[in-house]
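# Geometric and topological summary
Listed here are the chains, written in short residue letters.
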Amino acid sequence: MNIYLDNAATTKPCEAAMSAVFDSMLENYGNPSSLHKIGLNAENDINEARKAVAAALVCDPKLLTFTSGATEANNTVIFGAAKKYGRRRKKIVVSGIEHPSVAEPIKILEETGDYTVVRVMPDRSGAIDAEDFIKAVDDDTFLVSCMLVNNETGAINPVKKIFSYVKRTFPECITHCDAVQGFMKIPIKSADLMADAIVVSAHKVYALKGVGALFVKNGIRIPPLIYGGGQENRFRSGTEAVPLITGFGAAVRYLMPTMKTAYSNAEIICNYLVKSLSKLNFVKINSNLENHSPYILNFSVEGIRSEIMLHFLESKDIYVSSGSACSKGGHSSVLTAMGIPDKIADSAIRVSISRGTTEGDINALVNALREGYETLAKR
């Protein structure tokens, strides 16, 4: 039996999502732009999904756009903000531990020579200091970007404090939050977060890959990234992936009522994992356990490279990650930004739990880590 502990990379689709996807493909397979009944049924499916995701973000459904995923949504905000708001002001302030779908577009803008980028680095615990962010923002800043939950360490960033200051002091500055690892895990209210743009993804919340959502606050004028037929209120052209969108909405509706209970259960499992790992003298925990999402834990196994330990665990049908799935096993920029030595970073393992993770799964992981260390260290 597989023990899957890589849920920050992707989750197994829930039955509610799969059923909705199947029904959409079988029954409401029309083009949602068509005027006939089958097309209108497809459009209704999209609208119902939009309402569900909007309810989870506590926002007006009209302000929500479906995209092909969080990467497209993040790119839309960053390049769109530069085009619309980066004409007079030329500065971007961003955390130094962003997902590549944020870090890379900003790097591209920086390389044009037209923009100045200030990266706010975390301390050794992985935490971003709100004051460091606030000090970096000035009259020349047009974009401030900070993720809600770090995808490698689980650190929860003080986004509300940062964005509240920015919008109060520099109201024309655009605030952008990649909330992918926080969505459907911790409560997110668009108004409370003070974000002009919020990005979420379906396949991190037990729906299918290939769809995400972008909230843009009313009055913020971000131009489209993709032009064409004018779908999604002329903001994101291209025929909508109706089955994927429908599955996204179904998963959110399924998760919403039990989100608080699920979080409490995740805390129990994470605490059990930390306690179990503390008994292994060859393990060092990299995640800061204060102000931290219990769904993600990062630790290093002394002297054993991540990839080697990962494949040993795989031989025991236990699946973890060496960091962000998008890095393809490359060196962790997040752990480097935290000041963690390369030797420790190169041994890092990320465990990300699901709603179904049990203490039995954790016991199997810890036993396999012990066996793996004893076996691999001898080599």
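Here, every reference points to the structure presented above.
A brief structural summary. Treat the numbers as computed from the prediction; the structure is a model and nothing was measured. (Residues numbered from 1 in each chain as written. Predicted model: local features only at pLDDT ≥ 70, side-chain atom pairs only at ≥ 80, totals over all residues. Heavy atoms only, no water.)

Our focus in this paragraph is the overall build of the protein. Counting its secondary structure elements, the protein contains 14 helices and 12 strands. The C-alpha radius of gyration computed for the protein amounts to 21 Å, which stays within 12% of the reference 21 Å derived for 379 residues, consistent with globular compactness. If you line up the protein on its principal axes, its C-alpha atoms span 65 × 55 × 35 Å. Across the 379 residues in the protein, those meeting the buried criterion constitute 56%. Partitioning the contacts of the protein with sequence separation of at least 6, the portion at a separation of at least 24 is 74%. In the structure as shown, the protein presents an accessible area of about 16,800 Å², 52% of it carried by carbon and sulfur atoms. Averaging the locations of the 42 positively and 40 negatively charged side chains of the protein gives two centres separated by 2 Å. (Helix = DSSP H or I, 4+ residues; strand = E, 2+ residues; numbered from the N terminus. Rg over C-alpha atoms; globule rule 2.2 N^0.38 Å. Buried < 20%, exposed > 50% of the residue type's maximum accessible area, 1.4 Å probe, protein only. Contact = heavy atoms within 4.5 Å. Areas by Shrake-Rupley, 256 points an atom, 1.4 Å probe, with all protein chains shown as cover. Lys, Arg positive; Asp, Glu negative; His and termini not counted. Charge placed at Lys NZ, Arg CZ, Asp CG, Glu CD.)

Here we come to a nonpolar patch on the surface. A contiguous nonpolar surface patch, about 320 Å² in accessible area, is contributed by F22, M25 and L26. Take L26: it is sitting in helix 1 (residues 15-26). Under the relative-accessibility criterion, L26 is labelled partly exposed at 48%. (Patch = residues over 30% accessible without salt bridge, like charges linked within 9 Å, V, L, I, M, F, W, Y side chains within 5 Å. Salt bridge = Lys/Arg side-chain N within 4 Å of Asp/Glu carboxyl O.)

This structure, assessed with the given rule, holds 12 salt bridges. E110 is the partner of R119 in a salt bridge, and the nearest nitrogen-oxygen pair spans 2.7 Å. Taking relative accessible area as the criterion, R119 reaches 36% and is therefore assigned partly exposed. Shared partners join several salt bridges into a network, and the residues in it are R88, R89 and E172.

Overall, antiparallel pairing links the 3 strands, which are arranged 9-10-12 in an open sheet. Either end of the sheet is taken by a strand with one partner, and the two such strands are strand 9 (283-285) and strand 12 (348-352). Across the sheet, the axes of successive neighbouring strands diverge by a mean angle of 30°, strand direction being ignored. Bridge analysis of strand 10 (residues 296-301) against strand 12 gives 5 bridges, and the strand direction is antiparallel. The residue bridging L297 from the neighbouring strand is V351, located in strand 12. Against the sheet, helix 10 (residues 259-277) touches strand 9, strand 10 and strand 12, its axis set at about 10° to strand 10. (Pairing = 2+ DSSP bridges. Axes fitted to C-alpha atoms, helices over the stretch in contact; angles between N-to-C directions.)

Spatially, 7 strands are ordered 2-8-7-6-5-3-4 in an open sheet, and the strand pairing comes out mixed. Two strands in the sheet have a free side with no partner beyond their single neighbour: strand 2 (64-67) and strand 4 (116-120). Averaged over neighbouring strand pairs, the angle between their axes works out to 20° when direction is ignored. Bridge count for strand 3 (residues 91-95) against strand 4 is 5 bridges, and the pairing is parallel. Bridging from a neighbouring strand, I92 pairs with V117 of strand 4. Along the sheet face, helix 4 (residues 100-111) touches strand 3, strand 4, strand 5 (141-145) and strand 6 (174-178) and points at about 145° away from the line of strand 4. The strands that helix 6 (residues 159-169) touches are strand 5 and strand 6; relative to strand 6, the one it contacts most, it runs at about 165°.

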